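Structural characterization, general
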Amino acid sequence: MKSRNEKWDTLHGILENIWLMLEHGATHSDDPFHWPILGTALKAACSLRTVILRQVNKPDRILVCHTDARSAKVHEIKNNSQTSWLFYHPEKKVQLRVTGHTTLHTHDSFADRQWADTSSTSRLNYCASQPPGTPIDKPSSGLPDFLLKKIPTLLETEMGRKHFMAIVLHIYSIDWLILKLAGNRRARFDWDEDGLRATWLVP
Ligand SMILES: Cc1cc2nc3c(=O)[nH]c(=O)nc-3n(C[C@H](O)[C@H](O)[C@H](O)COP(=O)(O)O)c2cc1C
């Protein structure tokens, strides 16, 4: 039988576990990996914000989140498509820093599929008439009144489609760290045209 920590003893075991944790995070809203921090950089400034991990595709090495196409992060990604996604699991004490090239999808079949799988309550996030971050005189969700009175139907939230965007991270690097009383461990996984390079690092 495998010992409890054997999965951390090989680079292969760690990478397999990383994918399992990411896949679990994408499908379970009570998992800390459901809420990564997305980091963007524009000129000398960096910006961080929480997002929801919507999808993980291991064979294609991609992560997906959704956003309003009018938000500041989209402007930043258009200017610098390299982004980093930070994950931390407090119980497992595992941190992932996932980096890659980012693509933006609004009016293509990828975005259509993501939109089709999005619930009406999530679609509300794209139904504000003014762009996210617009200064306003008093506190407001920015949503039209008719969408706030009851749980909206999919049809009622269709107005959000034009603002809906899928952000896709094409991973080329994962920096993994685990904190352990017996000694922290760190490893790095890099992909390029020659394939995967994996190495242990001093934590
Ligand atoms: C728990 C949580 C989850 C969030 N998920 C998303 C998300 O999936 N997509 C998104 O665009 N913003 C999400 N937000 C809001 C962002 O953190 C951020 O405030 C907003 O997108 C504006 O960021 P920007 O001005 O950098 O574009 C979330 C916020 C919280 C607190």
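Only a predicted model underlies this, so the values are computations on that prediction, with no experimental measurement involved. (Residues numbered from 1 in each chain as written. Predicted model: local features only at pLDDT ≥ 70, side-chain atom pairs only at ≥ 80, totals over all residues.)

Counted at 1.5 Å a residue, the expected span for helix α1 (residues 11–27) with its 17 residues is 24 Å, and the 25 Å between its end C-alpha atoms agrees. All of the buried residues in α1 are I14, I18, M21, L22, G25 and A26. Within α1, the buried residues cover an arc of 130° as seen down the axis, which keeps them to one side. Every exposed residue of α1 that faces more than 90 degrees away from the buried side is listed here: H12 and T27. Tucked inside the fold, the buried residues of α1 contact β3 (55–57), β5 (82–89), β6 (94–105), β7 (164–178) and β8 (185–192). (Helix = DSSP H or I, 4+ residues; strand = E, 2+ residues; numbered from the N terminus. Expected span 1.5 Å × (residues − 1). Buried ≥ 20, exposed ≤ 12 C-beta atoms within 10 Å, placed from the backbone. Arc of directions from axis to C-beta. Contact = placed C-beta atoms within 7 Å.)

Further remarks concern the site of the ligand. The ligand sits among 14 residues. The nearest are R49, T67, S71, A72 and K73. For the shell around the ligand, the secondary-structure elements that each account for two or more residues are β2 (45–50), β4 (62–68) and α2 (72–79). Here the residues of the shell around the ligand sort into 6 nonpolar, 6 polar and 2 charged. (Near = placed C-beta within 6 Å. Nonpolar A, V, L, I, M, F, W, Y, C, P; charged D, E, K, R; others polar.)

Further remarks concern unusual backbone geometry. Its identity is not glycine, yet R61 carries a phi of approximately 55°, on the positive side. Here K93, not a glycine, exhibits a phi torsion of approximately 55°, which is positive. Looking at the element boundaries, K93 is found in the loop between β5 and β6.

Turning our eyes to something else, we now look at the pairing of β7. Pairing of β4 with β7, which is carried by 7 bridges, proceeds in the antiparallel orientation. Paired with V64 across the two strands is V168, which belongs to β7. Relative to β7, β6 runs antiparallel, the two being bridged by 12 bridges. Across the sheet, the residue bridging to G100 is I171, located in β7. Bridge count for β7 against β8 is 6 bridges, and the pairing is antiparallel. The partner of I178 across the bridge, within β8, is R185. (Pairing = 2+ DSSP bridges.)

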